[in-house]
Amino acid sequence: MIVQVDPEQLRQQARGAFLGMAVGDALGATVEFMTVPEIAARYGVHREIIGGGWLRLKPGQVTDDTEMALCIARAVVNRQGWSREAIACEFAAWLKSRPVDCGDTCRRGIRAFMLHGTLETPYNHWDGGNGAAMRMLPPALLSFPDGELLKKYALEQARLTHHQELSDAACLCIGTMLHLILQGVSKNRLRREAEALVARHHQFGFEPYRRLASAYVADTLATVFHYFFKGRDFEHCLTGVVNQGGDADTTGAICGMLAGCYYGIDAIPRRWLKKLDRRLVSDVEQLADRLIVANPAGR
Ligand code: MN
Ligand code: MN
């Protein structure tokens with residue numbers, strides 16, 4: 001496939017996607033596991049990055065969603081190419097650093113690597129959480145625009161911790177949508193991609209939207225799709241998705257990577273970006289740039 005893209009444009013989209021993910025994580029974490037009425041009673045509409053939440057975060061602090069994606073990006077950049085061993089080692093070092101949060105399925109997969117060197121967790125029908133899908137940005141950027149490479153990277157990173165058909169399908173769909181956004185397609189085209197996923201796996205149905213935002217990957221993606229397609233701009237997409245509560249940092253992170261890639265870095269509200277840790281922003285920007293440089297389309 002020949003894809004003509006402007007390298008500078010690609011860089012802005014990659015940075016937008018990364019910072020959009022971090023902003024969505026930090027915004028959503030405040031209301032993670034809250035219900036819609038609880039959020040409304042406490043905040044009216046939750047629209048500021050103020051920290052707190054069940055993890056008692058500092059304003060602008062991100063969680064496992066952003067941190068695990070950064071582990072993948074760092075592994076790829078340091079190894080100068082894809083290596084699931086290097087990614088697993090980064091995950092292990094991260095887990096040892098006592099992260100603020102880590103999902104049970106992720107923890108089990110990382111522990112299996114630490115104890116036995118396991119790089120692919122056995123199939124488990126119950127591993128339908130969103131922990132692998134939330135990490136799809138670095139594999140999508142590195143593989144762009146090669147769909148076969150995307151598939152390999154998506155499944156290899158996913159199965160370090162999650163091996164389940166809906167998780168796999170969600171990872172591939174998010175990766176494909178990111179590739180399409182980098183090619184400059186419309187939201188209508190992206191909606192067709194989401195509808196194709198629903199045609200294969202009805203669990204992802206988002207029209208009508210069932211208003212479930214749990215950590216079950218089908219609920220997570222249905223929520224992200226609903227608010228991403230409904231949103232008028234970056235802020236509207238993100239405010240919508242996190243006010244649905246539930247696994248709000250993860251719906252925020254995934255919606256943030258799609259919307260940040262789609263609308264670009266300049267569409268992210270300055271007041272949100274300013275809340276992120278300076279070091280995180282410079283880390284994220286450098287990693288985004290290097291993933292794009294490592295990618296043949298970005299040269
Ligand atoms: Mn999280
Ligand atoms: Mn979460």
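Preceding block: the structure.
This write-up is about the structure you can find in this document.

Calculation notes
- Residues numbered from 1 in each chain as written.
- Chains lettered and ligands numbered in written order.
- Predicted model: local features only at pLDDT ≥ 70, side-chain atom pairs only at ≥ 80, totals over all residues.
- Heavy atoms only, no water.
- Disulfide = S-S within 2.5 Å.
- Buried < 20%, exposed > 50% of the residue type's maximum accessible area, 1.4 Å probe, protein only.
- Phe/Tyr/Trp six-rings, centres within 6.5 Å; stacked < 30°, edge-to-face > 60°.
- Helix = DSSP H or I, 4+ residues; strand = E, 2+ residues; numbered from the N terminus.
- Patch = residues over 30% accessible without salt bridge, like charges linked within 9 Å, V, L, I, M, F, W, Y side chains within 5 Å.
- Areas by Shrake-Rupley, 256 points an atom, 1.4 Å probe, with all protein chains shown as cover.
- Salt bridge = Lys/Arg side-chain N within 4 Å of Asp/Glu carboxyl O.
- Lys, Arg positive; Asp, Glu negative; His and termini not counted.
- Charge placed at Lys NZ, Arg CZ, Asp CG, Glu CD.
- Donors = N, O, S within 2.8 Å, 3.2 Å for Na, K, Ca; no water.
- Contact = heavy atoms within 4.5 Å.

A word on the state of the cysteines. Tallying each qualifying case throughout the model produces zero disulfides. Cys71 forms no disulfide, and the closest cysteine sulfur to it belongs to Cys102, at a distance of 10.0 Å. Cys237 forms no disulfide, and the closest cysteine sulfur to it belongs to Cys255, at a distance of 5.1 Å. The exposure class assigned to Cys237 is buried, which follows from its relative accessible area of 0%.

This brings us to the packing of aromatic side chains. Per the counting criterion, the structure on display carries 10 aromatic pairs. Ring geometry for Trp82 and Tyr153: centres 4.2 Å apart, planes at 15 degrees, overall stacked. Remark: Tyr153 occurs in helix 7 (residues 147–158) and Trp82 occurs in the loop between helix 3 (64–79) and helix 4 (84–96); sequence separation between them is 71 residues. Every member of this aromatic cluster is reached through a ring pair, and the members are Phe206, Phe225, Phe228, Phe229, Tyr262 and Tyr263.

Taken together, the side chains of Arg270, Lys274, Lys275 and Arg278 make up a positively charged region of the molecular surface. Overall, the relative accessible area of 60% leaves Lys274 in the exposed class.

Moving on: the coordination of the manganese ion (ligand 2). Of the protein atoms, only Glu32 (OE), Asp247 (OD), Asp249 (OD) and Thr250 (OG1) coordinate the manganese ion (ligand 2), at distances of 2.0 to 2.5 Å. In terms of primary sequence, the donors binding the manganese ion (ligand 2) are separated according to E-x214-D-x1-D-T. For the pair the manganese ion (ligand 2) and the manganese ion (ligand 1), the metal-to-metal distance amounts to 3.5 Å, and Asp249 bridges them. Given a relative accessible area of 5%, Asp247 falls into the buried group. A residue is classified by how much of its surface remains accessible, and Thr250, at 3% relative accessible area, is buried.

Let us now look at unusual backbone geometry. Of note, the amide linkage connecting Phe144 to Pro145 takes the cis form, showing an omega dihedral of 0 degrees. Here Pro145 is to be found in the loop between helix 6 (137–143) and helix 7. The step from Glu207 to Pro208 runs through a cis peptide bond, and the omega angle for that step is 0 degrees. At Gln80, a position not held by glycine, the phi torsion is positive, near 55 degrees. As for its placement among the helices and strands, Gln80 is situated in the loop between helix 3 and helix 4. The phi angle at Arg98 is positive, at roughly 55 degrees, despite the residue not being glycine.

All right, on to the coordination of the manganese ion (ligand 1) then. Ligation of the manganese ion (ligand 1) by protein atoms is provided by Thr63 (OG1), Asp64 (OD), Asp65 (OD) and Asp249 (OD), these donors lying 2.0 to 2.4 Å from the ion. Positions of the donor residues of the manganese ion (ligand 1) along the chain correspond to the pattern T-D-D-x183-D. Note on Asp65: relative accessible area 0%, which makes it buried. Taking relative accessible area as the criterion, Asp249 reaches 1% and is therefore assigned buried.

This brings us to the environment of Gly109. Secondary-structure assignment places Gly109 in helix 5 (residues 104–116). Classification of Gly109 as buried rests on a relative accessible area of 3%. C-alpha of Gly109 to C-alpha of Arg159: the two residues are 50 residues apart in sequence and 8.4 Å apart in space. Those residues within four positions of Gly109 in sequence are excluded, and the remaining contacts are Leu160 and Thr161.

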